Each structure stands twice: as C-alpha cells, then as structure tokens.
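Given next are the chains, with one letter for each unit.
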Amino acid sequence: MRRSWIAGVSSLLLLLPLGACAPSETGQEAAGESGAATEQSTLPLTAGAIPDQDPEVLQRLYTKLADYLEAELGVPVEYKPVTDYAAAVTAFKVGDLDLVWFGGLTGVQARLQVPGAEAIAQRDIDEQFHSVFIANTATGLKEFSDIQELTQIKGRTFTFGSESSTSGRLMPQHFMEEAGLDTAQDFKGEVGFSGNHDTTIKLVEAGTYEVGALNEQVWLDRVAEGAVDTTKVAVIWRTPPYFDYHWVISPEVDERYGDGFADKVQAALMALDPAVPEQKEILDLFGAERFIATDNDNYAEIEAVGRKIGKIQ
C-alpha cells in the first residue's frame, strides 16, 4: 500500500511542471488576436489617384502627401500609381487602394461598387468646378459665353481627355448635348480621347485636333508655368460650375485601424495649412487653398449625367 501511494504522488509531481508550463487555450487565443491586431494596424494605408496629369507631377505630389499623412495618422502610408482611370476604380473595388483622389464620375463609379465607401473631402475649388474648351488659334474661333454658341465647333476635329474624366469628358459632353451637338455625328472624324488633360493641351496646340475640352485648373496651372504657347491655343468657352474631384475612402480602414479612422483621415486632409511651407507645397500642387468636407450626396448630378451617357449602368 505504502509503495503504491508513493508511486502515485511521484507521478503527480512529474505532471505538475508540464501543466504549469503549458499556456492555456484562452491565452493562446489572446496572443493570436493581439498579434493579428498588431499586424493589421501596421499594414500600409494605400493611397492612389486617377492619372489625370503628367505622371512625374503626380508622383511628386502624392509622395509628399503620403509622407504628410503618415506623420499625421501614425500608420504607414503608401502611394500606388495606376495606369488609367478604370484601373483606379478597379483597385479601389478590390481593396488594393484604401484612399483615392477621384474625379466626380470615377468617384461615383467606385462608391457604387464598394458599399459603405464615403466621399470625405474636396478642394475649395471643387464645389464650383469648371471645364474649358480650347481651340487652336488657326481655327479663327473666338471666346464666347453663351452655351448655344458651342455649335460653332460643329464640323471641327475634337478631343476629350480620358473617357472616364468628369472635367475632360462627362460634363463637356453633357453641355454639348444641351447645346444640341451630337458627339457621334457632328465632328470631323471620330472624337479623340487623349488620356489626360496635359495631352489634350499638347494635341490642340499642335493642331492634331482643332478643339478640345479639359480641366480648367490644369489649364490655368500650365499657362502660369509658361508651359502653353498661347499664340497657338486659347480658351473659347468656360462651362457652368459643377462638383468634381474628391477623396473617397474605403470602409475597411475603420476595421483595420479602429473605429473613427476615416474621420481622422478627413481631419488630416482638412488640416493642411498654407501657412506651413511644406503643406503649402502640397496644396499648391493640388491647385487649392485648402480642403473642405464633402459627402456622397454632392455627386447626385454627376451620377445622373453618367447614367444618361452610359458611363454608369
């Protein structure tokens, strides 16, 4: 009996250290959850933009903005360029981009494909944005103010910017249709799609196309830089105002970085201060004095026009 009792105690003592050293199931789960949360929070916030200008200009702008946001938000921020407007929408849809600078049309297209996505900020100039129609001076076309005088460009060669550009295609086509122009029939040859605003300027300046439409801000910036030969190309018409460019953010950022993170991004964009030289440089590259709040409802007209011309199904 005694020998049996001693053997039992010895066996129990041998098992105790093993039990003490083994983590509980709850502890393992907690460690796993903590590790997953840490990994999630260190994933980079990926930012992108529609490629509406020269790629070198965009790279400089968004690299500076990514550095600013990283410092403000306390998470890694990475700028990812895309090849075209459709690629920006697709990248946002599949989650490759979390925060994107869209035009009015592409912003609507992207939000319709990502439930919960929000328009959070726009430049001060975007609530009253304009396109301009430019013409090669050899055409003899002069500047006008009445929309009905757009019929003067009938029978000319004409180029838009990107097919999905709000300021370089959607709204110019909308206003042309209001003036009674049919973009499929009323121009010499097929209308062109240059791909971006800078290229539109170059093509009209060179006489490749007689008339083109583009973002007014890009036009003003390039003229101010001396990058346009105004003896060869000039503005002939400025459109009525409409809402355009804006930042759209994915709902997934709140899941990754915590509730309210989208609000922090909005606050950081709106905090860009022209009195701070490094931040003024970013604002200047955007052609803005500041960023202001916006919301999805502001782009209802853009959505309606997009559906009318078949760019939104």
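An unreviewed UniProt entry lists the protein under the name Putative selenate ABC transporter substrate-binding protein, with Phormidium tenue NIES-30 as the source organism. In its Sequence similarities (unreviewed entry) section, the UniProt record describing the protein reads: "Belongs to the phosphate/phosphite/phosphonate binding protein family."

Asks: Teacher, can you tell me more about the packing of aromatic side chains here?
Replies: Two aromatic rings are characterised by how far apart their centres lie and by the angle between their planes. Scanning the entire structure with this criterion turns up 21 aromatic pairs. Relative to F291, the ring of W101 lies with its centre 5.8 Å away and its plane at 90 degrees, an arrangement referred to as edge-to-face. Within this pair, whereas W101 is found in strand β3 (residues 99–102), its partner F291 is found in strand β11 (residues 291–293), the two being separated by 190 residues in sequence. With relative accessibility at 3%, the residue W101 sits in the buried group. One residue, R169, lies across the ring of F160, its end atom 5.8 Å from the ring centre.

Asks: Where do I start with the pattern of salt bridges in this structure?
Replies: Once their charged atoms are close, side chains differing in charge can pair, the charge on each being opposite to the other. One pass over the structure, following the stated rule, counts 10 salt bridges. Taking the shortest distance from any N to any O, the salt bridge between K154 and D186 comes out at 4.0 Å. Residue K154 is found in the loop between β5 (131–136) and β6 (158–160), and its partner D186 is found in the loop between α6 (166–178) and β7 (192–193); the two are separated by 32 residues along the sequence. Residue classification places D186 among the buried positions, given a relative accessible area of 15%. In this structure, E216 engages R238 in a salt bridge whose closest nitrogen and oxygen atoms are separated by 2.7 Å. One end of the pair, E216, is in helix α8 (residues 216–225); the other, R238, is in strand β9 (residues 233–238), with 22 residues separating them in the sequence. For R238, a relative accessible area of 44% corresponds to the partly exposed category. Residues joined by salt bridges that share partners form a network here, namely D198, R222 and E225.

Asks: Just to check I follow, could you spell out the nonpolar core for this structure?
Replies: Across soluble globular proteins, you tend to see nonpolar side chains buried next to one another. The biggest cluster of nonpolar side chains holds 78 residues, and the ones touching the most others in it are I153 and W247. Both of domain 1 (45–127 + 244–309) and domain 2 (131–238) provide at least three residues apiece to this core. Ignoring any residue separated from it by four or fewer positions in sequence, one finds I153 in contact with F133, L141, F158, M176, L181, F187, V211 and I236. I134, V204, V218 and V228 belong to the second largest nonpolar core, which has 9 residues in total.

Asks: Looking at this structure, I do not really get the packing of helix α3 (residues 55–73) against helix α11 (residues 277–286). What am I missing?
Replies: Angle between the axes and distance between the axes: these two values describe a pair of packed helices. For the pair α3 and α11, interaxial distance at closest approach is 10 Å and the crossing angle is 140 degrees. With respect to α11, the element α3 is oriented oblique. Pair α3 / α11 crosses with left-handed handedness. Contact with α3, carried on its side by R60, L61, Y62, K64, L65 and Y68, involves Q279, E281, I282, L285 and F286 of α11 and no other residues of that element.

Rules behind the numbers
Residues numbered from 1 in each chain as written. Predicted model: local features only at pLDDT ≥ 70, side-chain atom pairs only at ≥ 80, totals over all residues. Heavy atoms only, no water. UniProt positions renumbered as here; feature names shortened; annotations may be inferred. Phe/Tyr/Trp six-rings, centres within 6.5 Å; stacked < 30°, edge-to-face > 60°. Helix = DSSP H or I, 4+ residues; strand = E, 2+ residues; numbered from the N terminus. Buried < 20%, exposed > 50% of the residue type's maximum accessible area, 1.4 Å probe, protein only. Lys NZ or Arg CZ within 6 Å of the ring centre and 35° of its normal. Salt bridge = Lys/Arg side-chain N within 4 Å of Asp/Glu carboxyl O. Core = buried A, V, L, I, M, F, W, Y, C linked by side-chain atoms within 4.5 Å. Domains from an automatic or database assignment. Contact = heavy atoms within 4.5 Å. Axes fitted to C-alpha atoms, helices over the stretch in contact; angles between N-to-C directions. Parallel < 35°, antiparallel > 145°, perpendicular 65-115°, else oblique. Left-handed = near helix turned anticlockwise from the far one by under 90°.

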